[in-house]
Amino acid sequence: MEKNQKLSVQELGLECAIVLAEYLAKTDDLHYGYWDSDVPLELANLKQAQEAHSNFLLSHIPPGVKTILDVGSGVGALASRLKAAGYEVDCVSPSPFLNERARRRLGSDTPIFESRFEEFQTEKRYDMVLFSESFQYMKLDIALKHTCELLQPDGYLLICDFFKNPMPDRGPMGGGHYLAKFHDSISCQPLTLVTDIDITAQTAPNLDLTQGFVTAVVQPMKERACELARQRQPFLYKMIRWTLSKPIEQVNKKYFTGQRTGANFAIYKTYRLMLFSKDKTCITAGFLQPSGL
Ligand SMILES: C[S@@+](CC[C@H](N)C(=O)[O-])C[C@H]1O[C@@H](n2cnc3c(N)ncnc32)[C@H](O)[C@@H]1O
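Residues numbered from 1 in each chain as written. Predicted model: local features only at pLDDT ≥ 70, side-chain atom pairs only at ≥ 80, totals over all residues. Heavy atoms only, no water.

**A word on the packing of helix 1 (residues 9–25) against helix 4 (residues 96–106)**
Cut-off, in case you're wondering: Under this scheme, a helix contributes an axis fitted over its contacting stretch, all axes are lines through C-alpha atoms, and angles between N-to-C directions fall in the 0 to 180 degree range. A helix here means a DSSP run of H or I that spans at least four residues, while a strand means a run of E at least two residues long, and both kinds are numbered starting from the N terminus. Under this scheme an angle from 65 to 115 degrees is roughly perpendicular, one under 35 degrees roughly parallel, and one over 145 degrees roughly antiparallel; angles in between are oblique. Whether two residues are in contact is decided by their heavy atoms, any of which lying within 4.5 Å being enough. In this count, Pro and Cys sit with the nonpolar residues alongside Ala, Val, Leu, Ile, Met, Phe, Trp and Tyr, while Asp, Glu, Lys and Arg are called charged and the others, Gly among them, polar.
Contact geometry for helix 1 and helix 4: axes closest at 9 Å, N-to-C directions at 40 degrees. One finds that helix 1 runs oblique with respect to helix 4. Facing helix 1, whose interface residues are Glu11, Leu14, Glu15, Ile18, Val19 and Glu22, helix 4 presents Phe97, Leu98 and Arg101. Broken down by class, the residue content of the contact of helix 1 with helix 4 amounts to five nonpolar, no polar and four charged.

Written out as structure tokens, the structure is:
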């Protein structure tokens, strides 16, 4: 990231998420937990559920893979698991804040390229390009094309992330590409689907966990703080409410209407682990073409 590049709301969100997760749940993973039905849905069990998510992901790395490009590596938690399992890992991620933490964890023998994936350039070619909850941030067509460029001829693409279901409205939570659009886009690349596992049921509980925290902790604190401000500085309070009425309304609608639940996540999103192998053919609009044409 260039020095003068502005911090995006999305990056700020991820940075706050890791600070909170570290403090409250003693975890430094930035991805959802994979909740087995026998694990009680509690903040104290988030770390265990996130480890289950990482284990699930690792168990789907095909034999023969040695080098991995971890795209959107967060604070390097997954990269460190991959390294411990014997893989050679490079990371690419744009956030200086998260990368600094990743560097501390991974040490100097793991390259961390501070860049958006779409602009990342290297001569290296990888056995696998991995997107763990980072695919949703990518520019779809560019990222898929670039993945193919960075893969060895017989390499793999592994995505573990959520996508949007076709719904008449946007729903209470943003993020993710439309799954149908993703399939359209990937059908133009020399990539063949090997594995497609729907883990929406195991990941949706994360939403109930965060919604529970917002309802039980954040909302009452917010309401009391507003009441204090209204009593102490009624004019200023009114002015702020009036000036920022639109963003305040958006935040209230998004976070404080109790709609960001696991049930709604399962309606509006589908969380998938998808593995693709790079091959030499490309199916475009029903025609089988040699790749590179
Ligand atoms: C939710 S975190 C996932 C972190 C990690 N992969 C994991 O599974 O714990 C999303 C990551 O994607 C990164 N990211 C966002 N936009 C990106 C882009 N265009 N290119 C590469 N990484 C990006 C963020 O900085 C962050 O590190």
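**Here we look at the site of the ligand**
Just so we agree on the cut-off: One heavy atom within 4 Å of a molecule or strand is enough for the residue carrying it to be called near that molecule or strand. What qualifies as a polar contact is a pair of N or O atoms within 3.5 Å, subject to a donor-acceptor requirement within protein and to the restriction that residues adjacent in sequence count only when both atoms come from side chains. In this description, accessible areas are obtained by the Shrake-Rupley approach with a 1.4 Å probe, and a residue is regarded as covered only by the protein chains that are shown.
Around the ligand sit 21 residues in total, of which Gly72, Gly74, Phe117, Glu118 and Ser132 are the nearest. Interatomic distance of 3.0 Å between a backbone N/O atom of glycine 74 and an oxygen atom of the ligand. At a separation of 3.1 Å, an oxygen atom of the ligand approaches a polar side-chain atom of serine 93. Contact with the protein chains covers 97% of the free accessible surface of the ligand, which is 600 Å².

**Re the domain arrangement of the protein chain**
As a reminder, the rule being used: Here the bounds of each domain stem from an automatic or database domain assignment. For any pair of parts, buried area is found by adding up, for both, the accessible area (1.4 Å probe) each one loses once the two are put together. One side-chain nitrogen of Lys or Arg within 4 Å of one carboxyl oxygen of Asp or Glu is enough to make a salt bridge.
When cut into domains, the protein chain gives domain 1 (9–204 + 261–280) and domain 2 (208–255). With centres defined by C-alpha atoms, the gap from domain 1 to domain 2 works out at 32 Å. In total, domain 1 and domain 2 occlude about 600 Å² of area from one another, counting both sides; carbon and sulfur atoms represent 69% of this. For domain 1, the biggest contributors to the area lost against domain 2 are Leu41, Leu43 and Thr261; these three give 48% of the whole. Joining domain 1 to domain 2, the criterion identifies zero salt bridges. The tally of links from domain 1 across to domain 2 stands at one residue pair in polar contact (both at pLDDT 80 or more).

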